[in-house]
Each structure stands twice: as structure tokens, then as C-alpha cells.
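# Remarks on the overall topology
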Amino acid sequence: MVVAAGRGHALAVQTSDAALGALGLKKHGDFGDNGRMYGAEGPAFIVTKPGDGEPATFANGGTLGYLAPSRDAVRNFHSQGLANGGVDAGAPGPRSFAPTAYAAYLRDPAGNKICAYCFAAA
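The text that follows walks through the structure, step by step, so that each part is easy to find. (Residues numbered from 1 in each chain as written. Predicted model: local features only at pLDDT ≥ 70, side-chain atom pairs only at ≥ 80, totals over all residues. Heavy atoms only, no water.)

It is worth spelling out helix H2 (residues 71-83) at this point. Here H2 contains 13 residues, and its C-alpha end-to-end distance of 18 Å stays within 8% of the 18 Å for a straight helix at 1.5 Å per residue. All of the buried residues along H2 are Arg71, Ala73, Val74, Phe77, His78 and Gly81. The buried residues of H2 occupy an angular sector of 165° when projected down its axis, which confines them to one face. Across H2 from its buried face, at more than 90 degrees, point the exposed residues Asp72 and Ala83. Sitting at the amino-terminal end of H2 is Ser70, which places a side-chain oxygen 3.4 Å from the backbone nitrogen of Asp72. Positive phi appears at Gly85, one or two residues downstream of H2, with a value of about 100°. (Helix = DSSP H or I, 4+ residues; strand = E, 2+ residues; numbered from the N terminus. Expected span 1.5 Å × (residues − 1). Buried < 20%, exposed > 50% of the residue type's maximum accessible area, 1.4 Å probe, protein only. Arc of directions from axis to C-beta. Polar contact = N/O pair within 3.5 Å; in protein donor to acceptor, adjacent residues only side chain to side chain.)

In this structure, strand S5 (residues 63-67) lies alongside strand S8 (residues 113-118), joined through five bridges in parallel fashion. Within S8, the residue paired with Gly65 across the bridge is Cys115. Both strand S7 (residues 102-107) and S8 contribute to a ladder of six bridges, which runs antiparallel. Note on S8: the bridge partner recorded for Leu106 is Ile114. (Pairing = 2+ DSSP bridges.)

This brings us to a nonpolar patch on the surface. On the surface, a cluster of nonpolar side chains totalling about 340 Å² of accessible area is made up of Leu67, Phe97 and Phe119. Along the polypeptide, Leu67 turns up in strand S5. (Patch = residues over 30% accessible without salt bridge, like charges linked within 9 Å, V, L, I, M, F, W, Y side chains within 5 Å. Areas by Shrake-Rupley, 256 points an atom, 1.4 Å probe, with all protein chains shown as cover. Salt bridge = Lys/Arg side-chain N within 4 Å of Asp/Glu carboxyl O.)

Here we come to the pattern of salt bridges. Inspection of the entire model under this criterion finds four salt bridges. The partner of Asp17 in a salt bridge is Arg36, and the shortest N-O contact between them spans 2.6 Å. On the criterion of sequence distance, the pair formed by Asp17 in helix H1 (residues 9-21) and Arg36 in strand S3 (residues 35-39) is long-range, its members being 19 residues apart. Looking at Asp17, the relative accessible area reads 24%, which means it is partly exposed. With its nearest N and O atoms 2.3 Å apart, the salt bridge here joins Arg75 to Asp72. Note that Arg75 and Asp72 are positioned in helix H2 at a spacing of three residues, about one turn of the helix. Linked through salt bridges whose partners overlap, the residues forming this network are Asp17, Lys27, Asp30 and Arg36.

For the rest of this paragraph, the subject is the sheet that holds S8. Spatially, S5-S8-S7-S6 is the arrangement adopted by the four strands of the open sheet, whose pairing is mixed. Of all strands in the sheet, those with a lone pairing partner are S5 and strand S6 (87-94), marking the two edges. Shown here is a sheet whose adjacent strand axes are inclined to one another by a mean of 15°, direction ignored. Here H2 sits on the sheet in contact with S6, S7 and S8, set at roughly 15° to S7. (Axes fitted to C-alpha atoms, helices over the stretch in contact; angles between N-to-C directions. Contact = heavy atoms within 4.5 Å.)

Structure follows, in C-alpha cells:
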């Protein structure tokens, strides 16, 4: 998975460091000023500048979702993302798509929409 960060690269990786770290995903290396890799055991997600040199854009209707181990982790993902440059796109709380669904949504500084979710009972 690759997310374009463009001019907001420094803030996008700051937001990703904090929000994804709250889910147990770690930094697994950098590409200089061009990007950073994240994952649990190895690289699984990359925040990078677009390779074609064009401005980064986000997907309207596109959301990158990360499975969280608990509702507390979802809340921590959201609060850490907000504290590090993210913008609220849906506060932590129950969701109607499944009986025990619980999720939170953020937009990183480049406009990418990311979420953390779990299906743990309250």
C-alpha cells in the first residue's frame, strides 16, 4: 500500500508515525526525503512523494483502514493522529456496518483518509 504525501510529506509521516504507532505498526525505514515504510513485522505500508513529480492528491471515497486490537487502540490512534497534524474525519465510536464495529477516521496533512477499526465488544 502506498499513500502519496507530496508537499505535506513531513507532516504526513509525523501523523503516520503517531497514529500508526498507536496500533503497533513501526517505522521500518526511510527513503530519504521521499518516504517512510511502516508495518508490524516488516514493511506493509509506505508514505511517499509521488514518483512522477506531480502534486499528490487523495482518493475521494478512498479510505485506508487498519485493524486495531481494541477500542482503546482505536481511540489512541485518533488522539495521536490529531496531536500530530491529522484532521478529524470521524470521532471514535460505534459504526452501523456491523453490530460490534468501532472506528475512528482521520485525514493526514496530504488529505488521505485513514481509519482504525475493531470488532471487539464494548
